[in-house]
Protein chains: 2
Amino acid sequence: MPKQPEPEQPGGSAPQAAALRLGVDRTSPVPLYFQLSQQLEAAIEQGRLAPGSLLGNEIELAARLGLSRPTVRQAIQSLVDKGLLVRRRGVGTQVLHSKVRRPLELSSLYDDLEAAGQRPTTRVLRNTVEPATARVAAALGVAEGADVRLVERLRYAHDEPMARLRNHLPVELLDCDTAQLESTGLYRMMRAVGITLHSARQSVGARAADAEEARLLGEAPGAPLLAMERTTFDDTGRAVEFGDHIYRASRYAFEFQLLVRP
Amino acid sequence: MPKQPEPEQPGGSAPQAAALRLGVDRTSPVPLYFQLSQQLEAAIEQGRLAPGSLLGNEIELAARLGLSRPTVRQAIQSLVDKGLLVRRRGVGTQVLHSKVRRPLELSSLYDDLEAAGQRPTTRVLRNTVEPATARVAAALGVAEGADVRLVERLRYAHDEPMARLRNHLPVELLDCDTAQLESTGLYRMMRAVGITLHSARQSVGARAADAEEARLLGEAPGAPLLAMERTTFDDTGRAVEFGDHIYRASRYAFEFQLLVRP
DNA sequence: GAGTGGTCTAGACCACTTG
DNA sequence: AAGTGGTCTAGACCACTCC
């Protein structure tokens, strides 16, 4: 059981993690496994851990950090779940050859545009209470004809129209202040009142713009549009929103990353 | 520390798991946590664990099954990751109100159609080696003009054209037998030769059909099409495929489930 | 205050891959 | 045969929620 540092130069995939300054702060309220996974993730993002390189075995890593192996495993596992690392039994844990960023998130168009530096703005076209159509009632799990809030908005980026967003919400869920709707995204408003979003069922298709849609979005009638329907659920399983949205295909596409589930 | 079975009827959310026949087989090579998670998943799917009901605390569950708490936690965690359960500190673990099925997977159109009972068939339009265009070279990480295999297929469901699939692959990756391409999906062929798919970067947009595309798909010129570009990576981080696909919007939409990452 | 999940430890044995 | 990750145990203390 050699304790001295090994020469280790077997090709180009020797453990590089040994050179990293890793360490945890036990006085911090941040969980130890999370501190470690953040440090490793930062090292990968910054290229200090080269793609394809081995991380070094878990036992040694645990010993070096003064942690138990399960704790180190928990840190590594979270990065495997993010797609940054790959484990192979009998081989080791390898840094994936970049290219991978984030798996698909339940994203808000507002946040997406803001993150892209697109300066999103919103015009509220409608903010009313209407009886639920059969389609909306089925999606939200309410009775057909029951009161449902209808919010229709036009979303701009750099003052160019990008999308028409039509959302249906249970009336009791949220105080939909029009001024607030114009200054932020719907998901942010939900989170602000304590709703924990959990999952969404989406459908993405395409269709031709009708005259009204073309006028709103500044496209020609018949122009191709991206159409998305989405039902969002909170962590109690309740449907909190049904959206029926159209996007200008000339200006917008959905980009996302998928991970294969093992 | 009350050891006797409690009356427990606090509303409608008492632990129902007590009524379940759970048990693990220690002689099986299947991991204990996996056996447990499968049993719980089946109980949820079949409604034997009602949505919203509590699972009962982990310690007790572990004791009942003769397992350690970490093992039980691992089983529960895998179902939380699948979106079937929700944990709340101080409260318990609850079954989510159904509706949730699978998060988005890296799906093959062939498998999707087959799973939907759509009887997919394929016509190979091209199966050649071509020099890589700039776009393809960038996606696959090869030199511009380098040899790349080009596979172009028309995919039918019930003998109706659904999509035109155009794939670019590194030449050395796969023996692309045309007969095989007509009888199965590309991902299956990759898995069959030991390629482990890991992730994909996708972009979904819409555009109008040109004359050629319209003719192939049986649509009118100018009809809206769903357009998807996808680069797929294996678990070494290597790009194994770049796809440039169009789907008839009148016949096809992408459906998927998203989970919010905590 | 009682009960829950969240985190952590210090070991153990097994299965798989590689030389 | 050696080294790796995969699984598992039997405890422990803490943070949060609810009564």
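My aim in this report is to walk through the structure given alongside it, one point at a time. (Residues numbered from 1 in each chain as written. Chains lettered and ligands numbered in written order. Predicted model: local features only at pLDDT ≥ 70, side-chain atom pairs only at ≥ 80, totals over all residues. Heavy atoms only, no water.)

**Comments concerning the sheet that holds strand 8 (residues 239–248) of chain A**
Across the sheet, seven strands lie side by side as 3(A)-4(A)-5(A)-8(A)-7(A)-6(A)-9(B); this open sheet has antiparallel pairing. In this open sheet, the two edge strands, each paired with only one partner strand, are strand 3 (120–131) of chain A together with strand 9 (254–259) of chain B. Averaged over neighbouring strand pairs, the angle between their axes works out to 15 degrees when direction is ignored. Relative to strand 8 of chain A, strand 7 (residues 224–234) of chain A runs antiparallel, the two being bridged by nine bridges. Each bridged residue has a counterpart across the sheet, and for A:Thr232 the counterpart in strand 8 of chain A is A:Glu241. (Pairing = 2+ DSSP bridges. Helix = DSSP H or I, 4+ residues; strand = E, 2+ residues; numbered from the N terminus. Axes fitted to C-alpha atoms, helices over the stretch in contact; angles between N-to-C directions.)

**Brief notes about the packing of helix 2 (residues 58–65) of chain B against helix 3 (residues 69–82) of chain B**
In a pair of packed helices, the angle between the axes and the distance between the axes together describe the arrangement. Residue and element names in this part refer to chain B. Between helix 2 and helix 3, the least distance of the axes is 9 Å, while the angle of their chain directions is 110 degrees. Compared by their axis directions, helix 2 and helix 3 come out roughly perpendicular. Listed contacts from helix 3 to Glu58, Ile59, Leu61 and Ala62 of helix 2 are Arg69, Val72, Arg73 and Ile76. The residue inventory of the contact of helix 2 with helix 3, partitioned by class, reads five nonpolar, no polar and three charged. (Parallel < 35°, antiparallel > 145°, perpendicular 65-115°, else oblique. Contact = heavy atoms within 4.5 Å. Nonpolar A, V, L, I, M, F, W, Y, C, P; charged D, E, K, R; others polar.)

**Some thoughts on the pattern of salt bridges**
Evaluated as defined, the whole model comprises 34 salt bridges over all chains. Across the salt bridge formed by B:Glu152 and B:Arg166, the nearest N and O atoms sit 3.2 Å from each other. One end of the pair, B:Glu152, is in strand 4 (residues 147–157); the other, B:Arg166, is in strand 5 (residues 160–170), with 14 residues separating them in the sequence. The class for B:Glu152 is buried, based on a relative accessible area of 7%. The exposure class assigned to B:Arg166 is partly exposed, which follows from its relative accessible area of 22%. Taken together, the shared-partner salt bridges in this structure form one network comprising A:Glu58, A:Arg69, A:Arg73 and A:Arg87. (Salt bridge = Lys/Arg side-chain N within 4 Å of Asp/Glu carboxyl O. Buried < 20%, exposed > 50% of the residue type's maximum accessible area, 1.4 Å probe, protein only.)

**Some words on the sheet that holds strand 6 (residues 197–208) of chain B**
Neighbouring strands of a sheet are bound in pairs by backbone hydrogen bonds; such pairs are parallel or else antiparallel. As summarised here, the arrangement of the seven strands in space is 9(A)-6(B)-7(B)-8(B)-5(B)-4(B)-3(B), forming an open sheet in which the pairing is antiparallel. Of all the strands in the sheet, the pair left with one neighbour each is strand 9 (254–259) of chain A together with strand 3 (120–131) of chain B. Looking at each pair of strands side by side, their axes are set apart by 15 degrees on average, direction ignored.

**Examining the pairing of strand 7 (residues 224–234) of chain B**
All names here are of chain B. Counting buried residues in strand 7 gives ten out of eleven residues, a clear majority hidden from the surface. Where strand 6 lies against strand 7, eleven bridges are found, and the strand directions are antiparallel. In the strand pairing of strand 7, alanine 208 is matched with proline 224. If you look at the hairpin formed by strand 7 and strand 8 (residues 239–248), you'll find four residues sitting between the two strands, and glycine 237 has a positive phi there, around 90 degrees.

**A closer look at the packing of aromatic side chains**
Applying the stated criterion to the full structure yields nine aromatic pairs over all chains. Plain terms: the ring middles of A:Tyr247 and A:Tyr252 are 4.9 Å apart, the flat faces sit at 15 degrees to each other, and that makes the pair stacked. Here A:Tyr247 and A:Tyr252 have matching classes, each one buried. Taking the centre distance of 5.4 Å and the plane angle of 85 degrees together, the rings of B:Tyr252 and B:Phe254 count as edge-to-face. (Phe/Tyr/Trp six-rings, centres within 6.5 Å; stacked < 30°, edge-to-face > 60°.)

**Here's the deal with the protein's contact with DNA strand C**
Close contacts around DNA strand C come from 25 residues, with A:Arg26, A:Leu32, A:Ser68, A:Thr71 and B:Arg87 the closest. In DNA strand C, the atoms that sit within 4 Å of the protein are 68% sugar and phosphate, with bases accounting for the remainder. Contact between DNA strand C and B:Arg69: a base nitrogen at 2.9 Å from a side-chain N or O atom of the residue. Looking at the surface near DNA strand C, the elements with two or more residues in it are helix 1 (32–45) and helix 3 (69–82) of chain A together with helix 3, strand 1 (85–88) and strand 2 (92–95) of chain B. Here the surface near DNA strand C is composed, by residue class, of seven nonpolar, nine polar and nine charged. (Near = heavy atom within 4 Å. Polar contact = N/O pair within 3.5 Å; in protein donor to acceptor, adjacent residues only side chain to side chain.)

**Some points on the relation of the copies chain B and chain A**
In the superposition of chain B on chain A (RMSD 0.1 Å, axial shift 0.0 Å), the rotation amounts to 180 degrees. Such a turn and shift between the copies fits a two-fold axis. When C-alpha positions in chain B are compared against the rotation axis, the closest is assigned to B:Pro224, at 2.5 Å. Of the interface residues in chain B, 100% have counterparts in chain A that sit at the interface too, so the contact is made through matching surfaces. (Least-squares fit on C-alpha atoms with pLDDT ≥ 70 in both.)

**Re the protein's contact with DNA strand D**
The local shell around DNA strand D holds 25 residues, among which A:Arg69, B:Arg26, B:Leu32, B:Ser68 and B:Thr71 are the closest. Sugar plus phosphate: this is where 69% of the atoms of DNA strand D within 4 Å of the protein reside. In the environment of DNA strand D, a phosphate oxygen lies 3.0 Å from a nitrogen or oxygen atom belonging to the side chain of A:Arg73. Broken down by secondary-structure element, the contributors of at least two residues to the surface near DNA strand D are helix 3, strand 1 (85–88) and strand 2 (92–95) of chain A together with helix 1 (32–45) and helix 3 of chain B.

**Some thoughts on helix 1 of chain B**
Taking 1.5 Å of rise per residue, 14 residues should cover 20 Å, and helix 1 of chain B covers 20 Å from first to last C-alpha, within 8% of that figure. Every buried residue of helix 1 of chain B is accounted for by B:Gln35, B:Leu36, B:Ser37, B:Leu40, B:Glu41, B:Ala43 and B:Ile44. (Expected span 1.5 Å × (residues − 1).)

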